[in-house]
Amino acid sequence: MSGPDMLRRLEAIRRSMPETPVVKLADDTVDLYAKLEFSNPNGSSKDRSALWILKRAVERGDVTEGSTIVESSSGNFAISLASFCRSLGVDFIPVLDPNVNASTEAYLRQVCRRVEKVTERDASGGFLSTRLARVQQLRGELPDVYWPNQYANTDAVLAHYRLTGGEVCRAFRSIDYVFIGTSTGGTIAGLSQRVKETWPHARVVGVDAEGSAIFGGTPRTRHIPGLGSSITPPLFDHALIDDVVIVPERDTVRGCHELLRRHGLYAGGSTGTVYAAINRYFADHAGPRPTVLFLCADRGTGYADTIYNPRWVAEVFEEEPAADMVPA
Ligand SMILES: Cc1ncc(COP(=O)(O)O)c(C=O)c1O
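Definitions and limits used
- Residues numbered from 1 in each chain as written.
- Predicted model: local features only at pLDDT ≥ 70, side-chain atom pairs only at ≥ 80, totals over all residues.
- Heavy atoms only, no water.
- Domains from an automatic or database assignment.
- Contact = heavy atoms within 4.5 Å.
- Buried area = accessible area lost by both parts, 1.4 Å probe.
- Salt bridge = Lys/Arg side-chain N within 4 Å of Asp/Glu carboxyl O.
- Polar contact = N/O pair within 3.5 Å; in protein donor to acceptor, adjacent residues only side chain to side chain.
- Near = heavy atom within 4 Å.
- Areas by Shrake-Rupley, 256 points an atom, 1.4 Å probe, with all protein chains shown as cover.
- 1 Å grid on protein atoms, 1.4 Å probe; cavity = no way out; pocket = protein on both sides within 12 Å on 5 of 7 lines; lining within 4 Å.
- Sits in = over half its atoms within 2 Å of the grid points.
- Nonpolar A, V, L, I, M, F, W, Y, C, P; charged D, E, K, R; others polar.
- Helix = DSSP H or I, 4+ residues; strand = E, 2+ residues; numbered from the N terminus.
- Expected span 1.5 Å × (residues − 1).
- Buried < 20%, exposed > 50% of the residue type's maximum accessible area, 1.4 Å probe, protein only.
- Phe/Tyr/Trp six-rings, centres within 6.5 Å; stacked < 30°, edge-to-face > 60°.
- Lys NZ or Arg CZ within 6 Å of the ring centre and 35° of its normal.

Chemist: Can you help me understand the domain arrangement of the protein chain in this one?
Modeler: Interface extent is often summarised as the accessible area lost during association of the parts. Along its sequence, the protein chain is organised into domain 1 (3-41 + 153-325) and domain 2 (47-146). Computed over C-alpha atoms only, the centres of domain 1 and domain 2 are separated by 22 Å. Across the contact, 37 residues belong to domain 1 and 31 residues belong to domain 2. Summed over both partners, the interface of domain 1 with domain 2 buries about 2,800 Å², with 62% contributed by carbon and sulfur atoms. The largest contributions to the domain 1 side of the interface with domain 2 come from Met6, Leu10 and Asp155, which together make up 23% of the buried area. Viewed at the interface, domain 2 and domain 1 are joined by 4 salt bridges. One salt bridge in this structure joins Arg60 and Asp155, with 3.2 Å as the shortest N-O distance. Taken together, domain 1 and domain 2 are joined by 9 residue pairs in polar contact (both at pLDDT 80 or more).

Structure representation (structure tokens):
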């Protein structure tokens, strides 16, 4: 497929992507809204950055018919890239680690001719450095490799500024707080810029997993994919962040279960983390109800064997399954 044909295909995909819904959730203290990013065609917010990064790479001539795309991802970005690369007829090799959801890995093995999975932890106890080292190795081995480098690619910032941010600004008259989970920083950088440009009083709260180094914590072993990083990715230089909430993985699990039981929202780990952060942030709040927005970045389906499995929870956190986690 020629470059112009690829661009036409990507533009058709973009036009076919509906704006993701915003739902209001019952809450005692705030006017709480969830933007359902899991309604994107490939099930997560990563459709935004994957589409925009590919489009820009094709425009620059970095991706052509014969290219192979290689990227390190804990799951969602790889799913989006795999789908879009299929549409373009371009090869894609995801580099995964053992924290990847079983269903994500099964899907990627269906649609990609080759999947790489690292097994060794890096010095920080995570897998990021090992995954990136494998990416570099593949770049050396294969001809015409394009590496999107989602941890440093500013096209991801633009994607969330224009796509996610544009939709948020059309959906609300005003927002007081937006809570955003963090990993590469693409979402928080793009969305924070757009939200503050539109509503300068709005506060942006970054939410991260305990054991991540993004906001200065000591990196250590984490079990839930999605949020966190063992480095502070350079995209955070573009983010406008007022406050940070760090959430232990145990509270992520609780947040997911509470979202499901109270609101019927079956969401993934990063959403539970952000929901737990909002509950903690506003625990002592009194007075007027602020308008608070958060993103549901992916669905709970991929976490059925982990976060939503009481046995996994008991094993990982070395405790008996709590009553609120045993299926009703
Ligand atoms: C489920 C989920 N939520 C949130 C994020 C964080 O988004 P970002 O990488 O833009 O910081 C990710 C990133 O992989 C994710 O997979």
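Chemist: I would appreciate a short explanation of the site of the ligand in the present structure.
Modeler: By nearness alone, 14 residues border the ligand, and Lys46, Ser183, Thr184, Thr187 and Ser270 come closest of all. At 3.5 Å, a backbone N or O of Gly186 approaches an oxygen atom of the ligand. In the environment of the ligand, an oxygen atom lies 2.5 Å from a nitrogen or oxygen atom belonging to the side chain of Thr187. Contact with the protein chains removes 95% of the 390 Å² of surface that the ligand exposes when unbound. Comparing atom positions with the cavity grids shows the ligand to sit within the largest cavity. Tallied by class, the residues present in the shell around the ligand amount to 2 nonpolar, 10 polar and 2 charged.

Chemist: How do you make sense of helix α3 (residues 76-88) when you look at a structure like this?
Modeler: One turn of the α-helix equals 3.6 residues, which is why residues spaced by three or four share an orientation. Taking 1.5 Å per residue as the helical rise, α3 with its 13 residues ought to reach 18 Å, and the 19 Å between its terminal C-alpha atoms agrees with that figure. Here α3 lies mainly inside the structure; 10 of its 13 residues are buried. Residues Phe77, Ala78, Ile79, Ser80, Leu81, Ala82, Ser83, Phe84, Cys85 and Leu88 constitute the buried set of α3. Buried residues along α3 sit in contact with α1 (3-16), α2 (46-60), β3 (68-72), β4 (91-96) and α4 (102-111). At the exit of α3 stands Gly89, carrying a positive phi of roughly 70 degrees.

Chemist: Sorry, what's going on with the side chain of Ser73 here?
Modeler: Turning to its location among the elements, Ser73 is positioned in the loop between β3 and α3. Residue class for Ser73 comes out buried when judged on its relative accessible area of 2%. From its side chain, Ser73 meets the backbone nitrogen of Gly75 in a polar contact 2.8 Å long. Not counting residues within four places of it along the chain, the set of residues in contact with Ser73 comprises Ala78, Val95, Leu96, Arg131 and Gln150.

Chemist: What should I look at first to understand the pattern of salt bridges in this one?
Modeler: When their charged atoms lie close together, side chains carrying opposite charge are able to pair. Throughout the structure, instances matching the rule amount to 23 salt bridges. Between Asp31 and Lys24 there is a salt bridge whose closest N-O contact spans 3.6 Å. Classification of Asp31 as buried rests on a relative accessible area of 18%. Members of the salt-bridge network, linked through shared partners, are Lys55, Arg56, Glu59, Arg60, Asp62 and Asp155.

Chemist: Before we go on, may I ask you to explain the packing of aromatic side chains in this structure?
Modeler: Given two aromatic rings, their pairing is described by the distance between the two centres and the angle made by the two planes. Within this structure, the stated rule accounts for 11 aromatic pairs. Considering the side-chain rings of Tyr177 and Phe282, the 5.1 Å spacing of their centres and the 90 degrees angle between planes classify their relative orientation as edge-to-face. Residue Tyr177 is found in strand β7 (residues 177-181), and its partner Phe282 is found in the loop between α9 (269-281) and β10 (291-295); the two are separated by 105 residues along the sequence. Taking the relative accessible area as the measure of exposure, Tyr177 reaches 18% and is therefore buried. Clustering of aromatic rings is evident, with ring pairs tying together Tyr177, Phe179, Tyr281 and Phe282. The positively charged end of Arg250 is found above the aromatic ring belonging to Phe317, 5.6 Å away from the centroid.

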